[in-house]
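A structural walkthrough
One letter stands for each residue in the lines below.
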Amino acid sequence: MSFGCPRARRVDSLYIRRLSLAIFSLLSDPVVVASIMLSSDMTDISITTRLDFPSLARYSASCRGGRRLAQLCLRRDLRRAVSSAIPQWSGFLNALAANEGYIGGLAALGFFLRRSNPDHVPLELFLPVHNFLAFMNYLREVQGLSITAEYDGQPARNIIATVRLQGPTRAVLVHRSSSASALFPILRGANTALTCYVGATDFGVPWPALTFARRALVADQLASALEENTPRLPPPFSVKLYAWMWPEYGLPQTCIRQQFMCPAQPRYLDDAGAVYGVWSDSQGRPRHKICFRLDARPCGGPCLQPHTDLPFDHDRVCLL
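Quick notes on the rules
- Residues numbered from 1 in each chain as written.
- Predicted model: local features only at pLDDT ≥ 70, side-chain atom pairs only at ≥ 80, totals over all residues.
- Heavy atoms only, no water.
- Helix = DSSP H or I, 4+ residues; strand = E, 2+ residues; numbered from the N terminus.
- Polar contact = N/O pair within 3.5 Å; in protein donor to acceptor, adjacent residues only side chain to side chain.
- Contact = heavy atoms within 4.5 Å.
- Core = buried A, V, L, I, M, F, W, Y, C linked by side-chain atoms within 4.5 Å.
- Buried < 20%, exposed > 50% of the residue type's maximum accessible area, 1.4 Å probe, protein only.
- Pairing = 2+ DSSP bridges.

1. Structural notes on the side chain of Arg157
With respect to the element layout, Arg157 can be found in the loop between strand E4 (146-154) and strand E5 (159-166). A distance of 3.4 Å separates a polar atom in the side chain of Arg157 from the backbone oxygen of Arg188. With sequence-adjacent residues up to four places away left out, Arg157 is seen in contact with Phe126, Phe184, Pro185, Ile186, Arg188 and Gly189.

Here it is in structure tokens:
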């Protein structure tokens, strides 16, 4: 497993020593500390459960053992995130990979925040237009889920149709993308926090500086969007129209593209402002080259000027 993000690309030995000292100082449970001091099997160390995602990414980059522990920890988190909706974990990721699907919505956000969602929050799955029916057959015939409702599409999010199924204790929403990429509707989420995605081969956070600070920008510039988005995000998320509305990010009415926080800024899944990771180093970079922006609202900078290398002016997502 490897990560690509601006804060986790270079890790030197001094940083690792400081991180180790900081971790030990933060742990107040003597049982955990004793297990770290006495255990001969690194896989028994429960320290990874105490780290937030950015710290876990740095720990993963520290050494081969750290990478293995981080992968085991995140795999366990992913299994917990879907177990109440998907009865048979074995084979689920293979089916998701074969159909190029992704987990999105609050389930993906909870995975990166390392917190579980209550059972009343559905597990949201996103499938490409051509693989939707095959995956639906898998959920019904192999997983034994039953359809409880069908919904019309959401053109503004590139969703053709949505089907609701019932899992053991939690519902599943399966969204059919209008594109060959299941990431299109995820990247057109209602806010930056809901653009996170987790797949069987890769995962990512397009707006990590905001997301890990429990902050989000809405995709709709209407004032009503603030009220509609805030209750859906877990507390203590703060939701704004522009990043400069938080004083520490910049001067009012200024574009913050240098920090990758401008809603109109063209972005890529693996650019310097995003966190992009793969479960295996052999899986490489994103399969689809996607350019996206949160919104086309004016930012006070050059982000909305025509880009000769991009096939869109004001669309939010495009496949290159």
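On we go from here.
2. A word on the nonpolar core
One finds Phe92, Ile103, Leu109, Phe135, Val198 and Leu233 to be the most contacted residues of the largest nonpolar core, which totals 81 residues. In terms of residue count, helix H6 (residues 105-113) provides more of this core than any other element does, 7 residues in total. Ignoring sequence-local partners within four residues, the contact set of Ile103 consists of Leu78, Val82, Phe92, Leu96, Ala108, Leu123, Glu124, Leu125, Ile186, Cys196, Tyr197 and Val198. Among the nonpolar cores identified, the runner-up in size contains 5 residues, and Cys255, Cys262, Ala264 and Cys299 belong to it.

3. Quick notes on the environment of Val174
Looking at the secondary structure, you find Val174 in strand E6 (residues 171-177). Between the alpha carbons of Val174 and Leu127 there is a distance of 7.3 Å; along the sequence they are 47 residues apart.

4. Thoughts on the pairing of E6
The buried count for E6 comes to 6 of 7 residues, which makes it a mostly enclosed element. As judged from the 5 bridges shared by strand E3 (residues 123-127) and E6, these two strands associate in the parallel manner. Residue pairing across strands places Leu127 opposite Arg176, the latter belonging to E6. Pairing of E5 with E6, which is carried by 7 bridges, proceeds in the antiparallel orientation. Bridging across to E6, Leu165 finds its partner in Val172. Between the antiparallel neighbours E5 and E6 lie 4 residues.

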